[in-house]
Amino acid sequence: MKNKKTVLLTGGSRGIGKAIFDEIKDTFNVLVPDRKDLDLNDLNSIDTYFKTAPNIDILINNAGINIIKAIDDITTEDIEQINTINLIAPLRLIQKCVKNMKINQSGKIVNVSSIWGVRSKEKRTLYSGTKFGIIGQTKALARELGEYNILVNAICPGFTATDLTMQSLSANELEKLKKEIPLQRLADPSEIAKSIMFLISDTNSYITGQTLVVDGGFTA
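Let me sum up the structure you'll find in this document.

Scoring rules and cut-offs
- Residues numbered from 1 in each chain as written.
- Predicted model: local features only at pLDDT ≥ 70, side-chain atom pairs only at ≥ 80, totals over all residues.
- Heavy atoms only, no water.
- Phe/Tyr/Trp six-rings, centres within 6.5 Å; stacked < 30°, edge-to-face > 60°.
- Buried < 20%, exposed > 50% of the residue type's maximum accessible area, 1.4 Å probe, protein only.
- Helix = DSSP H or I, 4+ residues; strand = E, 2+ residues; numbered from the N terminus.
- Lys NZ or Arg CZ within 6 Å of the ring centre and 35° of its normal.
- Pairing = 2+ DSSP bridges.
- Axes fitted to C-alpha atoms, helices over the stretch in contact; angles between N-to-C directions.
- Contact = heavy atoms within 4.5 Å.
- Polar contact = N/O pair within 3.5 Å; in protein donor to acceptor, adjacent residues only side chain to side chain.
- Lys, Arg positive; Asp, Glu negative; His and termini not counted.
- Salt bridge = Lys/Arg side-chain N within 4 Å of Asp/Glu carboxyl O.

## Considerations on the packing of aromatic side chains
With the rule as written, the count across this model stands at 4 aromatic pairs. Taking 5.4 Å as the distance between ring centres and 85° as the angle between the ring planes, the aromatic pair formed by Y49 and F50 counts as edge-to-face. For the pair Y49 and F50, a shared accessibility class is recorded, and that class is buried. Measuring from centroid to centroid gives 6.1 Å for W116 and F218, while their planes differ by 80°, and the two rings are edge-to-face. Highlighted residues: W116 in the loop between β4 (107-112) and α4 (125-145) and F218 in the segment after β6 (211-214), separated in sequence by 102 residues. An aromatic cluster is built from W116, F159 and F218, whose rings are joined through pairwise contacts. Just above the ring of W116 sits the side chain of R124; from NZ or CZ to the centre is 5.7 Å.

Here it is as structure tokens:
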């Protein structure tokens, strides 16, 4: 393990996050803190976590929440929670990790956005606000951190066949959704994970500041 780079992966216990962990675990030393150790809705928890955390070589900001509500139903609590977890916490994690990356003159950061970070739809005001926002952070940080050989990219998964997604869709809804996707199917979580693996691997030495959309052509 000592020769492997250390990755901090948030939201790695299920869905796309679990697929990311499975994809990268043999190549990297992967830290996947649970909510007891790192609560992204509590910024003090981030400070506490990094008091004992090892130096991080690669950060994957995957954790996030989705609040789907009409504009008239959005509460102050909704605004504060989704912005804290989806936008503020990832930025705070980057602040914590980037210090060592600068010293090493090397680092990779991947922010997981969404197709709803490049386009949107009704009742996605809160979610799209954060997912567009993290792409903006990605682009700004890629320019700021490039001189330290720190590569910062965003990835935007489309409709993905996670357990949660498959359980929430009826057979008819699933077939209707597939017809809207040029490839006529949902992504397998492993396909998203493989894209992230490329971005954090040594193979990627020059791609930074980019938004990689992995959606089967849905947003084309």
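## So, the sheet that holds strand β1 (residues 6-9)
Read from one edge of the open sheet, 6 strands run β2-β1-β3-β4-β5-β6, paired in parallel fashion. Two strands in the sheet have a free side with no partner beyond their single neighbour: β2 (29-31) and β6. For this sheet, the mean inter-axis angle between neighbouring strands, taken without regard to orientation, is 20°. As paired elements, strand β5 (residues 150-157) and β6 share 4 bridges and run parallel to each other. Counted as the bridge partner of I155 is L212 from β6. Strand contacts of helix α1 (residues 15-24): β1, β2, β3 (58-61) and β5, with the helix running at about 170° to β1, the strand carrying the most contacts. On top of the sheet, helix α7 (residues 189-200) reaches β3, β4, β5 and β6; it is set at about 150° to β4, its chief contact.

## Structural notes on the side chain of N153
Among the structural elements, N153 can be located in strand β5. For N153, the side chain forms a polar contact with the main-chain nitrogen of G209, separated by 3.3 Å. Polar contacts involving the side chain of N153 include one to the main-chain amide nitrogen of Q210, which spans 3.0 Å.

## A closer look at the side chain of K108
The topology assignment puts K108 in strand β4. Within the buried core, K108 has no salt-bridge partner, and the shortest N-O distance to an opposite charge, that of D202, equals 4.9 Å. One polar contact links the side chain of K108 to the main-chain carbonyl oxygen of I200, over a distance of 3.4 Å. Setting aside residues up to four positions removed in sequence, K108 forms contacts with D57, I58, L59, M101, L151, L199, I200, S201, D202 and N204.

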